[in-house]
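As a plain string of letters, each chain reads:
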Amino acid sequence: MTILEQDYEPQEMEQDKIHEFARLAKPTVSVIGLGGAGSNIVSWIKERGMVGGRLLALNTDANHLEISKADKRILIGERATGGLGCGGYPEKGEQALKESINEVKQELTGASIVFIVAGLGGGTGTGASYALAEALKGSGRLVIGVVTVPFAVERVRLDTARKGIRRLKDACDTVVVIDNNKLVKVAGDLAFAQALGVANELVGVFVKDITETITTASLINLDYMDLRTIMEKQGIAAIGAGWGQGEDRIEKAVRIALEGQLLDINDLTKAYGVLIHASGGSDMTLGEVYRAGELVMRAVSPKTKIVWGAKVNPTLEGKAHVFVCLTGIESNFLAQTPKRKFGRLKIF
Ligand SMILES: Nc1nc2c(ncn2[C@@H]2O[C@H](COP(=O)(O)OP(=O)(O)OP(=O)(O)O)[C@@H](O)[C@H]2O)c(=O)[nH]1
Ligand SMILES: [Mg+2]
């Protein structure tokens, strides 16, 4: 054996070792949409295409599940609901998930990050999502709930949603709460179906951008440990999103994201952690991305932990999109006391 050959072998072994570590260290992401809204959001993501994550849809409603575009669809609680949905009862959703838990867990083998996506207020999305989060608790995975809160006109569903958030908060690492009412205010006067579309897009972009920035090479990579740092055992989170165009597009996008129209928080300095994500066309520069980071840093407390990621998106030529996710906050929605459903009893 020549000296050269002797040198070469250990080097090759080192390369193999790095390759093996890289393969094992790659986080695997599963996105699970539960109930009608959750399945629709997963279909939205599938239609746009997502690199690096697996999309699952879970429902008790067989007809709705049939139109889902998820990579894998699972009808849960066949015995409990007969494929007919939960009719707004979260207890039924919980029972359905428990009935099918083994099948669901099997689909999650190897997943290190699990997004639980649902519109709270109904039976399946509410009950099955907290039951799933509870079943995954302590499994070592990072479990992130991303849920919407019903529109004010949905009334009784608001209470169901509050109960759902409380259970999710105890079981998930972080629950990102998006208030449909704020969304509609920002988006303008929209018909109900269109308003739901806006909600699907916001949740969809959030989950897709985080997944792709973690699993694929990006302008600034966000890694699994970064995400863990600010999301592990953090309770409630809120997100703000902003768009900008033209010369100061990044400044505009950050300002809109932080103005708080979407954020369910009054005081940004109370957040434990913040995730900043910027995306823009191939013309987006690193300088712009750092500027976004600087602007957010000025708005939060010096103690707030900050992680960030950035990704080029060819469909955003000339534009910028920024979202901020503030973790460890107290939700205004949760703090509101529910309105009394009946008037006072009058005794004559
Ligand atoms: N973003 C979004 N939200 C939706 C959509 N459809 C319904 N919602 C919201 O999500 C809440 C729950 O609705 P669904 O997801 O249809 O209910 P479910 O979880 O299937 O519950 P059951 O039908 O009772 O089993 C509603 O109160 C709405 O606020 C949708 O397509 N997109
Ligand atoms: Mg349903």
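Per chain, residues are indexed from 1 in the order of the written sequence. For this description, chains carry letters from A and ligands carry numbers from 1, given in the order in which they are written. Restriction of local features to residues with pLDDT of at least 70 applies here, the model being predicted, together with a cutoff of 80 or more for giving and counting side-chain atom pairs; totals for whole chains, interfaces and linings are based on all residues. Heavy atoms from the whole structure form the basis of all side-chain values; hydrogens and water molecules are not counted.

## Let's talk about a nonpolar patch on the surface
Residues enter patches when their relative accessible area tops 30% and they take part in no salt bridge; the joining distance is 9 Å for like charges and 5 Å for the nonpolar side chains Val, Leu, Ile, Met, Phe, Trp and Tyr. The accessible surface values rely on the Shrake-Rupley method and a 1.4 Å probe; as for residues, cover is taken only from the protein chains in view. Salt bridge, as applied in this entry: a Lys or Arg side-chain nitrogen positioned within 4 Å of an Asp or Glu carboxyl oxygen. On the surface, L219, L286, Y290 and V312 cluster together into a nonpolar patch covering about 320 Å² of accessible area. Here a helix means four or more residues in a row that DSSP labels H or I, a strand means two or more in a row labelled E, and each is numbered from the N terminus. Inspection of the secondary structure puts L286 in helix α13 (residues 286-299). Working definition: with a 1.4 Å probe on protein chains only, accessible area under 20% of the residue-type maximum means buried, over 50% means exposed, and in between means partly exposed. For L286, a relative accessible area of 40% gives the class partly exposed.

## Remarks on the pairing of strand β1 (residues 29-34)
Across the six residues that make up β1, a large majority, six, are buried. Side chains V29, V31 and G33 project from β1 onto one buried face, and the interleaved S30, I32 and L34 project onto a second face that is buried too. Pairing between strands requires that DSSP locate at least two bridges from one strand to the other. Bridge analysis of β1 against strand β2 (residues 53-59) gives six bridges, and the strand direction is parallel. Considered in β2, the bridge of S30 is made with R54. Running through helix α2 (residues 35-48), the crossover from β1 to the neighbouring parallel element β2 is right-handed. Relative to strand β4 (residues 113-119), β1 runs parallel, the two being bridged by six bridges. Opposite I32, over in β4, you have I116 as the bridge partner. For the handedness criterion, the strands are oriented away from the viewer, and a crossover whose path from the first strand over the helix to the second runs clockwise is classed as right-handed.

## What about the packing of helix α7 (residues 124-136) against helix α8 (residues 156-171)?
Each axis is a line fitted through C-alpha atoms, and for a helix only the stretch in contact is used; angles between axes span 0 to 180 degrees, taken between their N-to-C directions. It is at 8 Å that the axes of α7 and α8 come closest, and there the two elements cross at 10°. Taken together, the axis directions place α7 and α8 in an arrangement best described as roughly parallel. For the pair α7 and α8, the contacting residues are T126, S129, Y130, A133 and E134 in the first and T160, G164, R167, L168 and A171 in the second. In the contact of α7 with α8, the residues fall into four nonpolar, four polar and two charged. Note that the term roughly parallel is reserved for angles under 35 degrees, roughly antiparallel for angles over 145, roughly perpendicular for angles of 65 to 115, and oblique for everything else. Only heavy atoms enter the contact rule, under which two residues are in contact if any of them lie within 4.5 Å. Gly counts as polar in this scheme, as do all residues outside two lists: the nonpolar Ala, Val, Leu, Ile, Met, Phe, Trp, Tyr, Cys and Pro, and the charged Asp, Glu, Lys and Arg.

## So, the sheet that holds strand β3 (residues 72-75)
Ordered by their spatial adjacency, ten strands build an open sheet running β3-β2-β1-β4-β5-β6-β7-β10-β8-β9, and the pairing between neighbours is mixed. Edge positions in the open sheet fall to β3 and β9 (305-312), since each of these has one partner strand only. Averaged over all adjacent pairs, the angle separating strand axes in this sheet is 20°, with direction ignored. Its contacts with the sheet put helix α10 (residues 192-215) on β1, β2, β4, β5 (142-149), β6 (174-179), β7 (235-245), β8 (273-280), β9 and β10 (319-329), and the angle it makes with β10 is roughly 90°.

## A closer look at the domain arrangement of the protein
The extent of an interface is frequently quoted as the accessible surface area lost upon association of the parts. Partitioning the protein into structural domains gives domain 1 (27-215) and domain 2 (240-333). One C-alpha centre belongs to domain 1, the other to domain 2, and the line joining them spans 24 Å. Taken together, the contact between domain 1 and domain 2 spans 17 residues of the former and 16 residues of the latter. Buried area is understood as the total, over both parts, of accessible area removed when two parts are fitted together, assessed with a 1.4 Å probe. With both chains or domains summed, domain 1 and domain 2 bury close to 1,500 Å², and 72% of this area falls on carbon and sulfur atoms. The three residues of domain 1 that bury the most area against domain 2 are K182, D209 and T213, which together make up 31% of that side's buried surface. If you look at where domain 1 meets domain 2, you find one salt bridge. Here K311 makes a salt bridge to E212, at a shortest N to O gap of 3.0 Å. Side-chain atoms alone can form a polar contact between residues adjacent in sequence; in general such a contact is a pair of N or O atoms within 3.5 Å, and within protein one must be able to donate a hydrogen while the other accepts it. Our enumeration of links across domain 1 and domain 2 arrives at three residue pairs in polar contact (both at pLDDT 80 or more). Of all the elements in the fold, those that place two or more residues in the side of domain 1 that touches domain 2 are α8, β6, α9 (180-187) and α10. Counted by class, the side of domain 1 that touches domain 2 contains eleven nonpolar, two polar and four charged residues. Here the bounds of each domain stem from an automatic or database domain assignment.

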